[in-house]
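# Per-entry structural report
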Amino acid sequence: MKRIGILGCGSIGTQIAIAIDTGKIPATLTHIFDEDKKKSELLVSKLIQKPEIVENVHLLSSNPVDIIVEAASQDAVSDNALSILQNRRDLLIMSAGALLDEAVYEIISDACKELKKTVYLPSGAISGLDAIKAVKDELDSVILTTTKHPNSLKDAPFFEKFKINLDDISEPSTIFEGTASEAVRLFPKNINVSALLSLVGLGSHETIVKIIADPNTTKNTHTITSSGKFGRITTIVENIPDTNNPKTSRLAILSAIETLRSICTDEIKIGT
């Protein structure tokens, strides 16, 4: 059985831990870390098999684990991914937006090749990544339109720069339109899906992102339109927000669980 360490003990980290603890993921959760130790202690209290709480990320990856699951933040990826790989651990990244920083991407990519380790990026709250990967050499454009309730967007750095009062929005309103790299910087906990599209699809050409705040919706909706020589692909996903964290879609958590389960099993693999 693979040994798992978790970096970040919030909603996503907790539900991945529970999936391991209940046997849905055939692995052993051995070590966890969160900058807020209370979150680590709360997570341990929910588990039958108690992992060890470590005091920093270095200790997390220097212990005998096979893979580290990052469920913390883009900064956690930027600050710690290289040392985790240097400790000869594979890494599953939830905060994929960090990789739109070219310097971060190159460092992690080079480390994977040099150290013969693997970084996994779950497909998260969207669908259709397999198809986009298949046609990536024939893509001309990818456009992502994301619609969320204003409460799911609150506290994003975007609102420090652009003084939009979300409480005043009474109908669907476009609050942002720009590139994926701009989107993940201004909405780091809301729009990591745009980073995945850019990473698998266009290389040097970025996904265009449009964010709509809709006070009447109860879902996080992602509409992706990909066009090129191959034709056109349109996917629409209507996600239920996670009950513990409305900024995260339930599908994003289920995607992470399925990715980790697939890594930990020997079986026929369907898609990615």
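Here is what the cut-offs are and how they apply
- Residues numbered from 1 in each chain as written.
- Predicted model: local features only at pLDDT ≥ 70, side-chain atom pairs only at ≥ 80, totals over all residues.
- Heavy atoms only, no water.
- Helix = DSSP H or I, 4+ residues; strand = E, 2+ residues; numbered from the N terminus.
- Rg over C-alpha atoms; globule rule 2.2 N^0.38 Å.
- Buried < 20%, exposed > 50% of the residue type's maximum accessible area, 1.4 Å probe, protein only.
- Contact = heavy atoms within 4.5 Å.
- Areas by Shrake-Rupley, 256 points an atom, 1.4 Å probe, with all protein chains shown as cover.
- Lys, Arg positive; Asp, Glu negative; His and termini not counted.
- Charge placed at Lys NZ, Arg CZ, Asp CG, Glu CD.
- Expected span 1.5 Å × (residues − 1).
- Bend = angle between axes of the 7 residues up to and from the residue.
- Patch = residues over 30% accessible without salt bridge, like charges linked within 9 Å, V, L, I, M, F, W, Y side chains within 5 Å.
- Salt bridge = Lys/Arg side-chain N within 4 Å of Asp/Glu carboxyl O.
- Pairing = 2+ DSSP bridges.
- Axes fitted to C-alpha atoms, helices over the stretch in contact; angles between N-to-C directions.
- Parallel < 35°, antiparallel > 145°, perpendicular 65-115°, else oblique.
- Nonpolar A, V, L, I, M, F, W, Y, C, P; charged D, E, K, R; others polar.
- Left-handed = near helix turned anticlockwise from the far one by under 90°.

## Remarks on the overall build of the protein
Looking only at helices and strands, one finds 10 helices and 11 strands in the protein. A compact globule built from 272 residues should have a C-alpha radius of gyration of about 19 Å, and the protein, at 18 Å, falls within 12% of that. Oriented by its inertia axes, the alpha-carbon framework of the protein measures out at about 50 × 40 × 35 Å. The proportion of buried residues among the 272 residues of the protein is 51%. Pairs at least 24 residues apart make up 70% of the contacts formed inside the protein by residues separated by at least 6 positions. As presented, the protein carries roughly 13,300 Å² of accessible surface, and 49% of it is formed by carbon and sulfur atoms. Treating the 29 positive side-chain charges of the protein as one cloud and the 35 negative ones as another, the clouds have centres 4 Å apart.

## Considerations on helix α4 (residues 74–86)
Across its 13 residues, α4 extends 19 Å between first and last C-alpha, which sits within 8% of the 18 Å expected from 1.5 Å per residue. Its maximal kink placed at N80, α4 deviates by approximately 50°. Q74, A76, V77, N80, A81, I84 and L85 are the residues of α4 that are buried. Remark: R88 follows α4 within two positions and exhibits a positive phi of approximately 65°.

## Considerations on a negative patch on the surface
A cluster of acidic residues, D101, E102, E106, D110, E114, E182 and E206, forms a negative patch at the surface. The element contributing the most residues to the negative patch is helix α5 (residues 102–115), with 4 residues. Note on placement: D110 falls in helix α5. The partly exposed category is assigned to D110, whose relative accessible area is 46%.

## Some remarks on the pairing of strand β7 (residues 139–148)
Pairing of β7 with strand β10 (residues 220–228), which is carried by 8 bridges, proceeds in the antiparallel orientation. Opposite V142, over in β10, you have S226 as the bridge partner. One ladder, built from 6 bridges, connects β7 with strand β9 (residues 208–213); its direction is parallel. Residue pairing across strands places T145 opposite K210, the latter belonging to β9.

## Some details on the sheet that holds β10
The 5 strands are arranged β8-β9-β7-β10-β11 in an open sheet whose pairing can be described as mixed. Looking at the sheet topology across the chains shown, the edges are occupied by β8 (173–179) and β11 (231–239). Strand-to-strand twist of the sheet, defined as the mean angle between neighbouring strand axes without regard to direction, takes the value 10°.

## A look at the packing of α4 against α5
Following both chains from N to C, one finds α4 and α5 inclined at 10°, their axes separated by 10 Å at the closest point. Relative to α5, the element α4 is oriented roughly parallel. Where α4 abuts α5, its residues V77, S78, A81, L82, L85 and Q86 lie against V104, I107, I108, A111, C112 and L115. Its residues placed into classes, the contact of α4 with α5 shows 10 nonpolar, 2 polar and no charged.

## With respect to the pattern of salt bridges
One pass over the structure, following the stated rule, counts 6 salt bridges. Between E258 and R261 there is a salt bridge; the shortest N-O distance is 2.9 Å. One end of the pair, E258, and the other, R261, are both in helix α10 (residues 250–263), 3 residues apart, so they sit about a helical turn from each other. Salt-bridge contacts for E267 lead to R261; the nearest nitrogen and oxygen are separated by 2.8 Å. According to the relative accessible area criterion, E267 is partly exposed, its value standing at 37%.

## Looking at the packing of helix α1 (residues 11–21) against α10
Axis separation between α1 and α10 bottoms out at 10 Å; the angle between their running directions is 40°. When the interaxial angle is binned, α1 and α10 end up oblique. The two elements α1 and α10 meet at a crossing, and its hand is right-handed. Taken together, the residues of α10 that come into contact with α1 (itself represented by S11, I12, Q15, I16, A19 and I20) are R250, I253, A256, I257 and L260.

## A closer look at the sheet that holds strand β4 (residues 67–70)
Across a sheet, paired strands are connected by hydrogen bonds in the backbone, their directions being either parallel or antiparallel. Ordered in space as β3-β2-β1-β4-β5-β6, the 6 strands form an open sheet in which the pairing is parallel. Both outer strands of the open sheet, β3 (52–53) and β6 (119–120), are each paired with one neighbouring strand and no more. Here strand β5 (residues 90–93) runs beside β6; their pairing, made up of 2 bridges, is parallel. Looking across to β6, one finds that L91 is bridged to V119.

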